[in-house]
Amino acid sequence: DEHGTRLSHYILSPIPEAETLVGALRITVGIRTVVDKLRRLVMYGSTRIHFDQVAGLGTFVELETVISQKLPEQAALEEHNHVIEMLGLKQFEVIARSYSDLLEEHERQEEGAEQEG
């Protein structure tokens, strides 16, 4: 897990029968944890600003600035940094872990506290 701004590569693929896929994955690889979140999305230029309310964890902000032919890497980085400044995010800790990892850690801490108490 890297701290700070980093590149991310992904592929978007429509899934016409999501519940069927979830069932197949449950059977073949199992479900580690379920993340229950409410996401509000705001666009600023090529930056997707995600305001996430995650059950059991709290509120988070995630930024995704898309690099494209219209917005090459250096310009995307400049836009990304501008959004960080504009939202005042530098004052907050950067968390470079997934919500599922954070939830699992939170559950382990709660179990440890219950065993102690």
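> So what exactly am I meant to see when it comes to the packing of aromatic side chains here?
Counting across every chain of the model gives 1 aromatic pair. Residues Phe60 and Tyr99 carry aromatic rings whose centres are separated by 5.1 Å and whose planes lie at 55° to one another, so their mutual orientation is tilted. You can see Phe60 sitting in strand 3 (residues 58–65) and its partner Tyr99 sitting in helix 3 (residues 99–116), a full 39 residues away along the chain. The same class applies to Phe60 as to Tyr99, namely buried.

> Help me out: how do you make sense of the sheet that holds strand 3 in this one?
Backbone hydrogen bonds hold the strands of a sheet together, and the pairing may be parallel or antiparallel. Spatially, 1-2-3 is the arrangement adopted by the 3 strands of the open sheet, whose pairing is antiparallel. Both edges of this open sheet fall to strand 1 (37–44) and strand 3, since each of them pairs with a single strand only. Strand-to-strand twist in this sheet, taken as the mean axis angle between neighbours without regard to direction, amounts to 20°. Sheet analysis places strand 2 (residues 47–54) next to strand 3, joined by 8 bridges and oriented antiparallel. Paired with Gln53 across the strands is Thr59, a residue of strand 3. Each of strand 1, strand 2 and strand 3 touches helix 2 (residues 73–87); the most contacted strand, strand 3, lies at about 155° to it. In the packing of helix 3 onto the sheet, the strands contacted are strand 1, strand 2 and strand 3, and the crossing angle to strand 3 comes to about 160°.

> Quick question: what am I supposed to make of the nonpolar core here?
Burial of nonpolar side chains together is a common tendency in soluble globular proteins. If you look at the biggest cluster of nonpolar residues, it comprises 5 residues: Ile49, Leu63, Val83, Ile84 and Leu89. Not counting the four nearest positions on each side in its chain, Ile84 is found in contact with Thr5, Leu63, Leu89 and Lys90.

> How should I be thinking about the pattern of salt bridges in this particular structure?
It is possible for side chains of opposite charge to pair when their charged atoms get near one another. Under the definition given, this model contains 7 salt bridges. Two residues, Arg97 and Glu105, come together in a salt bridge whose shortest N-O distance is 2.5 Å. Its relative accessible area of 27% is what places Glu105 among the partly exposed residues. Each of the salt bridges in this network shares a partner with another, and the network as a whole consists of Arg32, Asp101 and Glu104.

> Could you clarify how one ought to interpret the environment of Val35 in this entry?
Along the chain, the position of Val35 falls in the loop between helix 1 (18–28) and strand 1. Once the C-alpha coordinates of Val35 and Ser100 are considered, the two residues, 65 residues apart in sequence, prove to be 6.2 Å apart. The residues touching Val35, leaving out its near neighbours within four places in the chain, are Val54, Tyr99, Ser100 and Leu103.

> Got a minute to help me understand the side chain of Ser46 in this structure?
You can see Ser46 is positioned in the loop between strand 1 and strand 2. Classification of Ser46 by relative accessible area gives buried; the value is 16%. Ser46 has contacts with Glu64, Thr65, Val66, Leu71 and Glu79, leaving out every residue within four places of it along the chain.

Calculation criteria
- Residues numbered from 1 in each chain as written.
- Predicted model: local features only at pLDDT ≥ 70, side-chain atom pairs only at ≥ 80, totals over all residues.
- Heavy atoms only, no water.
- Phe/Tyr/Trp six-rings, centres within 6.5 Å; stacked < 30°, edge-to-face > 60°.
- Helix = DSSP H or I, 4+ residues; strand = E, 2+ residues; numbered from the N terminus.
- Buried < 20%, exposed > 50% of the residue type's maximum accessible area, 1.4 Å probe, protein only.
- Pairing = 2+ DSSP bridges.
- Axes fitted to C-alpha atoms, helices over the stretch in contact; angles between N-to-C directions.
- Contact = heavy atoms within 4.5 Å.
- Core = buried A, V, L, I, M, F, W, Y, C linked by side-chain atoms within 4.5 Å.
- Salt bridge = Lys/Arg side-chain N within 4 Å of Asp/Glu carboxyl O.

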